[in-house]
Structure formats: C-alpha cells, structure tokens
Amino acid sequence: MPDAAELLAIAVEIVREAGETARRMRVEGVSGVTTKSTDTDVVTAADRAVERQVVEALRVRRPHDVVLGEEYGASGARERAGDVRWILDPIDGTVNYLYDLPQYAVSLAAEVNGQVVAGVVRNPATGAEWTATLGGGAYKGGERLHGSPRAELGQALVGTGFGYDPARRVHQAGVLHGLLGHVRDIRRFGSAALDLCAAAGGQLDAYYEKGLNPWDHAAGGLVATEAGLVVAGLSGAPPGLDMVVAAPPALFKPLHDRLAELDAAGGP
Ligand code: LIP
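Residues numbered from 1 in each chain as written. Predicted model: local features only at pLDDT ≥ 70, side-chain atom pairs only at ≥ 80, totals over all residues. Heavy atoms only, no water.

Asker: Explain the environment of Thr 40 to me, please; I cannot follow it from the model alone.
Answerer: Relative to the helices and strands, Thr 40 is located in the loop between strand S1 (34-35) and strand S2 (42-43). Considered as a pair, Thr 40 and Leu 255 are 215 residues apart in the sequence and their alpha carbons are 29 Å apart. (Helix = DSSP H or I, 4+ residues; strand = E, 2+ residues; numbered from the N terminus.)

Pasting the structure below:
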C-alpha cells in the first residue's frame with residue numbers, strides 16, 4: 001500500500017506549481033473559453049493547461065499510476081488492485097475563475113482500491129491550502145480542522161451549489177425553497193471543493209449538492225471527513241452524483257431528513 005503521507009507530499013508539490021499556472025493565466029487574461037454540457041458549463045485554456053501540467057508531473061513522479069481528470073478523462077496504465085488513481089479537478093469553480101472571483105481551487109486526491117487516502121485543495125488566488133490523509137486528520141495550513149460545533153439546523157449556515165442544466169436548476173431551486181426557512185442561511189460560493197473545505201473548518205456549518213463529479217469532491221470530501229464531518233449521500237448512499245451531504249454528526253440527520261423530504265437527490 002503506498003504511503004499516504006508520501007502521496008500527499010507529491011500532491012502538494014504538484015498542486016502548488018499548477019495553482020501558480022492557474023493564477024498567472026488568470027492575471028494574463030482568460031482565453032480559450034468553450035462550453036461543455038450546456039452553454040453555461042465553461043472550460044478555459046487554463047483548465048486544460050493545468051490538467052496537462054498535473055498529469056505530466058504525476059507521470060514523471062509516479063509513472064505507473066492512473067489519473068482521472070475533469071477535462072481529459074482517464075490516462076495512464078490499466079488500474080490494478082493496490083494501484084494509485086489520482087482524481088483531479090484542475091480548476092474547480094471555473095465560472096468564478098472566468099469572472100475573476102477569487103474562489104476557485106486546484107483539487108487533487110489519491111485513491112487506492114476505491115478509497116481516497118490523501119487529498120489537497122488549494123485556492124491559488126488566496127494561497128489557502130487544505131490537506132488530509134486517511135486517518136491522519138485535516139489541516140488548513142498548519143491548523144487542525146474539527147468542523148462546526150453547531151447542533152441546531154435552524155442555526156446552521158449551509159453551503160450548496162447548482163448544476164448547469166436549467167431543468168436541474170429549477171428542481172434545485174425547489175429544494176432550496178423548502179430548506180431556506182429551516183436554516184440560518186444559505187451560501188453559494190461556486191466551488192464544491194472549497195465549500196467542503198469551508199465546512200471542514202467550520203466556515204460553513206454544513207454543505208450539500210446534487211450533481212458533483214468525483215473530481216469535485218474527492219479531495220474536499222476527505223478533508224471534511226478527516227475534520228470529523230459525515231460525508232454521504234441520502235438514504236445510506238455513498239457521496240456521489242445523486243447527492244453529497246457534508247455535516248457534523250449533530251447536523252447530519254436533520255439536514256439529511258429535510259433534504260430527503262424535498263427529494264433533493266431526485267429530479268433531472
Ligand atoms: C463546479 C462545482 C460547484 C457547482 C458548479 C460546478 P466546476 O465545478 O465546484 O460546486 O455548483 O455548478 O459544477 O464546473 O467549476 O469544476
């Protein structure tokens with residue numbers, strides 16, 4: 001089994017270099033903007049450049065590993081038991097990046113036999129960096145993270161996000177309508193990875209979102225879990241496309257139950 005601390009050290013070094021590329025390209029001006037699933041699901045030349053940089057850096061350091069990236073998909077040798085699969089979002093929060101809003105992140109996780117064992121999320125605009133290893137705790141810089149102590153849903157500041165498909169957004173708006181009166185307030189910052197890290201540090205009390213891909217939540221999900229949050233889907237499902245909920249144990253059930261009542265994992 002590869003050493004999680006060693007994998008994390010490699011990830012941190014690579015993400016810092018790649019984050020500087022993202023930051024520099026933002027300063028120089030965003031280019032190569034195209035769209036993917038809908039006309040608001042954008043990808044930029046920076047997304048692609050950062051992913052290429054990370055994939056190449058991993059190939060040099062760990063030539064037998066597999067990489068799954070948002071923009072280019074899977075690359076590397078056929079995965080075998082015990083191999084490392086890297087899960088990468090080169091720029092999570094691409095719309096924020098496009099609008100020069102300093103809330104975007106490079107997110108890189110190392111997964112072994114289906115379990116994320118190390119992860120780093122870095123905001124290149126601010127230099128904020130979150131790291132975690134399985135069983136080793138979660139950190140923001142040198143600070144150990146423990147999540148929110150909040151225990152009342154009505155006092156909870158809850159983060160969420162919305163998909164790019166209009167029909168899904170309408171359903172998500174209905175869920176929000178049914179939740180808003182039950183919580184302190186809602187925040188929609190635009191990066192799942194950073195939202196999960198904010199929840200890990202108690203800057204959000206909880207977070208939920210439908211429609212996240214593995215690269216959106218692989219690293220941030222480990223940070224949240226290692227900070228003591230419950231990170232799961234609804235009705236016992238693992239976190240995934242249908243739903244990711246991240247909350248401290250005292251908040252998880254009331255938030256989960258309200259989201260289930262609102263069919264938050266359903267819809268288009
Ligand atoms: C984004 C997520 C965010 C979600 C956005 C988008 P991207 O990922 O981080 O939570 O609400 O719709 O999916 O597209 O910037 O990598």
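Next comes the rest of the write-up.
Asker: Any chance you could explain helix H7 (residues 249-261) here in plain terms?
Answerer: Each α-helix turn comprises 3.6 residues. Residues three or four places apart therefore point the same way. Look at H7: 19 Å from first C-alpha to last across 13 residues, which is about the 18 Å you get at 1.5 Å a residue. Inspection of H7 places Leu 251, Phe 252, Leu 255, His 256, Arg 258 and Leu 259 among the buried residues, and these make up the whole buried set. Backbone geometry just downstream of H7 places Asp 263 in the positive-phi region, at approximately 55°. (Expected span 1.5 Å × (residues − 1). Buried < 20%, exposed > 50% of the residue type's maximum accessible area, 1.4 Å probe, protein only.)

Asker: Looking at this structure, I do not really get the nonpolar core. What am I missing?
Answerer: General note: in soluble globular proteins, nonpolar side chains tend to be found buried as a group. Core analysis: the biggest nonpolar cluster contains 34 residues, and Val 121, Trp 130, Leu 145, Val 223 and Leu 229 have the highest contact counts within it. Listed by contribution, the elements that provide at least two residues to this core are strand S6 (105-112), strand S7 (115-122), strand S8 (129-133), helix H5 (192-200), helix H6 (214-226) and strand S15 (244-247). Of all the elements, H5 adds the most residues to this core, at eight residues. Both domain 1 (4-144) and domain 2 (153-261) contribute no fewer than three residues apiece to this core. Val 121 has contacts with Ala 105, Val 106, Ser 107, Ala 128, Glu 129, Trp 130, Ala 193, Leu 194, Cys 197, Ala 219 and Gly 220, leaving out every residue within four places of it along the chain. Counting residues in each nonpolar core, the second largest holds 32 residues, with Ile 10, Ala 11, Val 54 and Val 67 among its members. (Core = buried A, V, L, I, M, F, W, Y, C linked by side-chain atoms within 4.5 Å. Domains from an automatic or database assignment. Contact = heavy atoms within 4.5 Å.)

On their own, these measurements won't tell you what the molecule is for.
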